[in-house]
Amino acid sequence: MAEPVRSSHSLSFTLNSDGESHPLLNVLSVSVLVIGLIALGFGVVIIGSSHPSLSVAVPAGVTGLIALFGGLYTQMISVNTEQRIIIVTGMIVGFVGLAMGLAHGAFGG
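Small disclaimer: the values here were computed from a predicted structure and weren't measured.

1. Comments concerning the overall build of the protein chain
Reasoning step 1: When its secondary structure is counted, the protein chain shows 3 helices and 0 strands.
Reasoning step 2: In the protein chain, the succession of helices and strands from N to C terminus is α-α-α.
Reasoning step 3: When each of the 109 residues of the protein chain is scored for burial, the buried share is 32%.
Reasoning step 4: Long-range pairs, those at least 24 residues apart, make up 76% of the contacts in the protein chain with a sequence separation of at least 6.
Reasoning step 5: For the protein chain, the exposed area adds up to about 6900 Å²; of that, 70% sits on carbon and sulfur atoms.

2. Considering the side chain of Gln 83
Reasoning step 1: In this structure, Gln 83 sits in helix H3 (residues 81-103).
Reasoning step 2: In this structure, Gln 83 is in contact with Leu 15, His 22, Leu 25, Asn 26, Ser 29 and Ser 78, ignoring residues within four places of it in sequence.

3. So, H3
Reasoning step 1: Over its 23 residues, H3 runs 33 Å from end to end, which matches the ideal 33 Å to within 8%, given 1.5 Å per residue.
Reasoning step 2: For H3, the set of buried residues is Gln 83, Ile 86, Ile 87, Gly 90, Met 91, Val 93, Gly 94, Gly 97, Leu 98, Met 100 and Gly 101.
Reasoning step 3: Close packing links the buried residues of H3 with helix H1 (23-48) and helix H2 (54-77).
Reasoning step 4: Gly 105 lies just past H3 and shows a positive phi near 85°.

4. Section: a nonpolar patch on the surface
Reasoning step 1: Residues Leu 54, Val 58, Val 62, Ile 66, Leu 102 and Phe 107 make up a contiguous nonpolar surface patch of about 500 Å² in total accessible area.
Reasoning step 2: Among the elements that line the nonpolar patch, the one with the most residues is H2, at 4 residues.
Reasoning step 3: As for its position among the elements, Leu 102 is in helix H3.
Reasoning step 4: You can call Leu 102 partly exposed: its relative accessible area is 44%.

5. Notes on the environment of Ile 86
Reasoning step 1: By secondary structure assignment, the location of Ile 86 is in helix H3.
Reasoning step 2: With a relative accessible area of 13%, Ile 86 lands in the buried category.
Reasoning step 3: For the pair formed by Ile 86 and Asn 26, sequence separation is 60 residues and the distance between their alpha carbons is 9.5 Å.

6. A look at the packing of H1 against H2
Working note: a packed helix pair is described by the angle between its axes plus the distance between those axes.
Reasoning step 1: Viewed as axis vectors pointing N to C, H1 and H2 meet at an angle of 155°, and their least axial separation amounts to 8 Å. With respect to H2, the axis of H1 lies roughly antiparallel. In this structure, H1 crosses over H2, and the sense of that crossing is left-handed. On H2, the residues that touch Leu 25, Leu 28, Ser 29, Val 32, Ile 35, Gly 36, Ile 38, Ala 39, Phe 42, Gly 43, Val 45 and Ile 46 of H1 are Val 56, Ala 57, Pro 59, Ala 60, Thr 63, Gly 64, Ile 66, Ala 67, Gly 70, Gly 71, Thr 74 and Ile 77.

What counts and how
- Residues numbered from 1 in each chain as written.
- Predicted model: local features only at pLDDT ≥ 70, side-chain atom pairs only at ≥ 80, totals over all residues.
- Heavy atoms only, no water.
- Helix = DSSP H or I, 4+ residues; strand = E, 2+ residues; numbered from the N terminus.
- Buried < 20%, exposed > 50% of the residue type's maximum accessible area, 1.4 Å probe, protein only.
- Contact = heavy atoms within 4.5 Å.
- Areas by Shrake-Rupley, 256 points an atom, 1.4 Å probe, with all protein chains shown as cover.
- Expected span 1.5 Å × (residues − 1).
- Patch = residues over 30% accessible without salt bridge, like charges linked within 9 Å, V, L, I, M, F, W, Y side chains within 5 Å.
- Salt bridge = Lys/Arg side-chain N within 4 Å of Asp/Glu carboxyl O.
- Axes fitted to C-alpha atoms, helices over the stretch in contact; angles between N-to-C directions.
- Parallel < 35°, antiparallel > 145°, perpendicular 65-115°, else oblique.
- Left-handed = near helix turned anticlockwise from the far one by under 90°.

The structure is reproduced here in structure tokens:
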């Protein structure tokens, strides 16, 4: 009877694939993602509302800008691919939230 194939690799997720610890960069990367998701959440609330107000559009625009520019800076100082994937994802969802906020008058439009 054949034995089952056992993998020596465990399923784990790490942002330190280069073997060195980068706690500040890891926190910045995840922060960009979280802030971008918050901006997207505000944008979804804007789209779901029949009469969106500036009280939702402004936070969407501000958090989207923070995610976008914070992501650009963090992208420049990142050291490995895993961090960059998280950063770019956060920048994209932050930009979408920013665009939804701008479309509904976030900065006086």
